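# Report on the structure
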Amino acid sequence: MNEKLLKKLAKIKMIVSDVDGILTDGTIMVSKNHEYKTFHVEDALGTGLLKLANIPISFISARESEATTARLKELRIDHVFQGYVNKLSALEKILDIYNIDYKDVLYIGDGFVDMPVMEKVGFSISVPNAHLEVKELADFVTLKSGGMGVLVEIVQYVLKSKGIYDKVFNKMRKEIYGV
């Protein structure tokens with residue numbers, strides 16, 4: 001990420017993300033009574049680092065999914081909005097909860113349904129496996145694809161842009177590992 005984008009990214013106060021295609025590769029396995037998704041273990045590191053940096057994260061999904069509920073509960077995410085095809089309406093609720101503006105939000109998305117949010121926020125990121133139009137709209141496209149731990153990559157950029165990367169990693173070492 002170049003210096004101009006890092007400077008713009010430094011102004012962000014929170015991250016809001018899609019789920020399918022970002023935390024997952026977009027694949028959904030369905031049996032008669034169950035739905036299965038694969039999430040990357042490294043995303044827990046991403047959410048953990050954000051908590052240590054006091055940067056909130058929320059998720060918006062167009063779909064309702066018990067797998068999503070289970071994973072985001074495991075990650076201790078406070079605000080998850082599922083079943084919102086109109087993701088702007090969920091974003092409005094998030095803005096109210098955190099008392100912030102569109103310009104304060106970094107949004108991560110990969111589908112057409114994410115584009116209206118990406119057009120409104122202060123910084124938008126997509127992934128290599130996103131629709132072409134979404135990638136063209138995004139301020140930045142990650143190196144990692146959705147479902148491959150992309151959240152950690154993004155969190156590292158955010159922490160570096162704010163000049164707190166080393167501080168947060170040292171805090172993690174001290175608080176979690178006692179080093």
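A brief structural summary.

### Observations concerning the environment of Tyr98
One can find Tyr98 in helix α4 (residues 87–98). The exposure class assigned to Tyr98 is partly exposed, which follows from its relative accessible area of 26%. Along the backbone, Tyr98 and Val158 are 60 residues apart, and their C-alpha atoms lie at a distance of 18 Å. With near-sequence residues (within four places) excluded, Tyr98 lies in contact with Met14, Pro56, Ser58 and His79.

### Some points on the pattern of salt bridges
One pass over the structure, following the stated rule, counts 11 salt bridges. Across the pair Glu35 and Lys37 runs a salt bridge whose closest N-O atoms are separated by 3.9 Å. For Glu35, a relative accessible area of 22% gives the class partly exposed. For Glu35, the salt bridge is made with Arg63, and the minimal N-O distance between the two is 2.5 Å.

### Topic: the nonpolar core
Residues Ile15, Ile60 and Leu106 are the most contacted members of the largest nonpolar core, which totals 54 residues. Here the element with the most residues in this core is helix α7 (residues 150–161); it accounts for 7 residues.

### Things to note about the packing of helix α2 (residues 42–52) against helix α8 (residues 165–177)
Where α2 meets α8, the closest approach of the two axes is 10 Å, and the angle between their N-to-C directions is 95°. Relative to α8, the element α2 lies roughly perpendicular. Contacts from Leu45, Leu49 and Leu52 of α2 reach α8 at Val168, Phe169, Lys171, Met172, Glu175 and Ile176. Its residues assigned to classes, the contact of α2 with α8 comprises 7 nonpolar, no polar and 2 charged.

### So, the pairing of strand β6 (residues 105–108)
Residues Val105 and Tyr107 of β6 are buried on one face, and the alternating residues Leu106 and Ile108, pointing to the opposite face, are buried as well. Pairing geometry for strand β1 (residues 14–17) and β6, over 4 bridges, is parallel. Bridge assignment links Val16 to a residue of β6, and that residue is Tyr107. Bridge count between β6 and strand β7 (residues 123–126): 3 bridges; the pairing is parallel. In the strand pairing of β7, Leu106 is matched with Phe123. For the segment spanning β6, helix α5 (residues 115–120) and β7, crossover handedness is right-handed.

### Some details on the packing of α2 against α7
Across the interface, α2 lies against α7 with an axial gap of 7 Å and an inter-helix angle of 25°. Our classification of the angle between α2 and α7 gives roughly parallel. Remark: the crossing between α2 and α7 carries left-handed chirality. Together, Glu42, Asp43, Leu45, Gly46, Thr47, Leu49 and Leu50 of α2 and Val150, Leu151, Val152, Val155 and Leu159 of α7 make up the contact between the two elements. Classifying every residue of the contact of α2 with α7 gives 8 nonpolar, 2 polar and 2 charged.

### Observations regarding the pairing of β1
Covered by surrounding structure in β1 are Met14 and Val16 together with Ile15 and Ser17, the residues of both alternating faces. In this sheet, strand β4 (residues 57–61) lies alongside β1 in parallel orientation, the contact comprising 3 bridges. Within the sheet, the bridge partner assigned to Val16 lies in β4 and is Ser58.

The rules behind these values
Within every chain, residues take consecutive numbers counted from 1 along the sequence as written. Reporting of local features is limited, given that this is a predicted model, to residues whose pLDDT is at least 70; pairs of side-chain atoms are given and counted only at 80 or more, and all residues count toward the totals for whole chains, interfaces and linings. Only hydrogens and water are set aside when side-chain values are computed; all heavy atoms of the structure are taken into account. Helix numbering and strand numbering both begin at the N terminus, where a helix is a DSSP run of H or I of at least 4 residues and a strand a DSSP run of E of at least 2. Working definition: with a 1.4 Å probe on protein chains only, accessible area under 20% of the residue-type maximum means buried, over 50% means exposed, and in between means partly exposed. Contacts between residues were defined by any pair of non-hydrogen atoms, one from each residue, lying within 4.5 Å. Here, a salt bridge means any Lys or Arg side-chain nitrogen found within 4 Å of an Asp or Glu carboxyl oxygen. Remark: nonpolar core denotes a set of buried residues (Ala, Val, Leu, Ile, Met, Phe, Trp, Tyr, Cys) joined through side-chain atoms within 4.5 Å. What counts as an axis is a line fitted to C-alpha atoms, over the stretch in contact for a helix, and the angles between N-to-C directions run from 0 to 180 degrees. Our angle categories are set so that under 35 degrees counts as roughly parallel, over 145 as roughly antiparallel, 65 to 115 as roughly perpendicular, and the remainder as oblique. Here the nonpolar group is Ala, Val, Leu, Ile, Met, Phe, Trp, Tyr, Cys and Pro; Asp, Glu, Lys and Arg are the charged ones; every other residue, Gly included, is treated as polar. In this analysis, strands are considered paired if DSSP registers two or more bridges between them. Viewed with both strands pointing away, a crossover whose connecting path from the first strand over the helix to the second turns clockwise is right-handed. Helix crossings get a hand from a simple test, with the near helix turned counterclockwise from the far one by less than a right angle marking a left-handed crossing and a clockwise turn marking a right-handed one.

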